[in-house]
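# Survey of secondary and tertiary structure
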Amino acid sequence: MSTDTETEAVVGRLRSGMANGVLSFPLTSFHDDGSLDLDGFRAYVAAQIDAGPGAVFPACGTGEFFSLDEDEYRDVVTAAVEAAAGRVPVVAGVGYGWAQAARFARIAEEAGADALLVLPHYLVAAPQDGLVAQLEHLAARTPLPLIAYQRDQVTFNVESLMRIARIPGVIGLKDGHSDLDRLQRLTLAAPDGFLFFNGAATAEIQARAYTTVGVPAYSSAVHAFAPEIADAFFEARRRGDDGVMDRLLREFYIPLVELRDRQPGYAVSLVKAAARLRGRPVGPVRAPLIDPSATDLADLERLLAVGLDLVSALTPVGAAR
């Protein structure tokens, strides 16, 4: 098992990274026939890390964890660890039930991951005691620190949050519900040092609101295809530049959300299409996701050009760090 000192070191690295950059959730590269494109992924994730995120989270929702077998998962996490080379923490996704999650956790540990993001369990709704037990079972089977992810059928109340925060190795919570009333109660109840971050589908839309309840850190899907846009927004939020944030939201982020909402699954497939438009070797999505229609792809290309032009117009204000 990891020692308290080792866990504290991971928490410290994550806290520092979260304060200085967005959290990157890289896409997983596939060939046109659906097979894993490991060379493409290596090139893509290396470019993502070179862009300077606060941490990298391979094989999570944006990385189509649900579609990876265990060998592919091992290759993806290993490639991310090698690309990071200790520069940023690597937090791998695990999921399904706790037994399957434990198998993926062992692979992630062997691959050199620093921590795990526990994705929502599969299919069934569960009571609070069950949500806590899920993390207890997994924590007992891996030395890696765990970050719980509440979204969809997983929602922790205050009592459960306090219980999971006492589980050795559970270090934080990613929130995808955007219920700020509930989230404020959770942040106030959590022990000092417990990590929180904004995991809304397009987190920049609600970044200021999350900051008001003590959760300034966030994951950025936009970073997966346009790090320069994501960084421009992050820097504007960090210095409190409402004018720049409003313009980016009005002209790029809100239209992106409206485009994303045209089809289920576009939160991943639209991001992947945008990365392909930038020349990134990510390939198509795997079923049950579908790639964007020709009409949606054309609209995405126009919107991407708007976003990149806007960042150029904001330079040096929006310049990379």
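Residues numbered from 1 in each chain as written. Predicted model: local features only at pLDDT ≥ 70, side-chain atom pairs only at ≥ 80, totals over all residues. Heavy atoms only, no water.

### A short note on the packing of aromatic side chains
One pass over the full model with this rule turns up eleven aromatic pairs. In textbook terms, an aromatic cluster arises when at least three aromatic residues are bridged by ring pairs, as seen for Phe65, Tyr73, Tyr96 and Phe104. Over the aromatic face of Phe234 sits the side chain of Arg237, whose NZ or CZ is 5.3 Å from the ring centroid. (Phe/Tyr/Trp six-rings, centres within 6.5 Å; stacked < 30°, edge-to-face > 60°. Lys NZ or Arg CZ within 6 Å of the ring centre and 35° of its normal.)

### Comments concerning the nonpolar core
In a soluble, globular protein the nonpolar side chains are often hidden away together inside. Grouped together as the largest cluster of nonpolar side chains are 76 residues, with contacts concentrated most on Leu14, Phe57, Tyr73, Val94, Leu117 and Ile164. Once you skip the residues sitting within four places of it in the chain, Ile164 turns out to touch Val132, Leu135, Ala148, Phe156 and Val170. Phe234, Ala236, Val271 and Leu304 belong to the second-largest nonpolar core, a separate cluster that totals 38 residues. (Core = buried A, V, L, I, M, F, W, Y, C linked by side-chain atoms within 4.5 Å. Buried < 20%, exposed > 50% of the residue type's maximum accessible area, 1.4 Å probe, protein only. Contact = heavy atoms within 4.5 Å.)

### Here we look at the sheet that holds strand 6 (residues 170-175)
Through backbone hydrogen bonds, the strands of a sheet pair up, either in parallel or in antiparallel fashion. Taken in spatial order, the five strands of this open sheet run 3-4-5-6-7, and their pairing is parallel. Looking along the sheet, the strands with just one partner apiece sit at the ends: strand 3 (91-94) and strand 7 (195-198). Mean inter-strand twist for the sheet, computed between neighbouring axes without regard to direction, equals 25°. The pairing of strand 6 with strand 7 spans four bridges and is classified as parallel. When the bridges of strand 7 are listed, Gly172 appears paired with Leu195. Running over the sheet, helix 1 (residues 4-20) touches strand 3, strand 4 (115-118), strand 5 (146-150), strand 6 and strand 7 and is turned about 35° from strand 7. (Pairing = 2+ DSSP bridges. Helix = DSSP H or I, 4+ residues; strand = E, 2+ residues; numbered from the N terminus. Axes fitted to C-alpha atoms, helices over the stretch in contact; angles between N-to-C directions.)

### Comments concerning the environment of Thr62
Take Thr62: it is sitting in the loop between strand 2 (55-56) and helix 3 (70-84). For Thr62, a relative accessible area of 15% corresponds to the buried category. C-alpha separation for the pair Thr62 and Ala221, spaced 159 residues apart in sequence, amounts to 7.6 Å. Thr62 has contacts with Phe25, Pro26, Leu27, Val268 and Val271, leaving out every residue within four places of it along the chain.

### Topic: the pattern of salt bridges
By the definition in use, this model includes 22 salt bridges. Ionic contacts of the salt-bridge type, sharing partners, join the residues Arg262, Asp296, Asp299 and Arg302 into one network. (Salt bridge = Lys/Arg side-chain N within 4 Å of Asp/Glu carboxyl O.)

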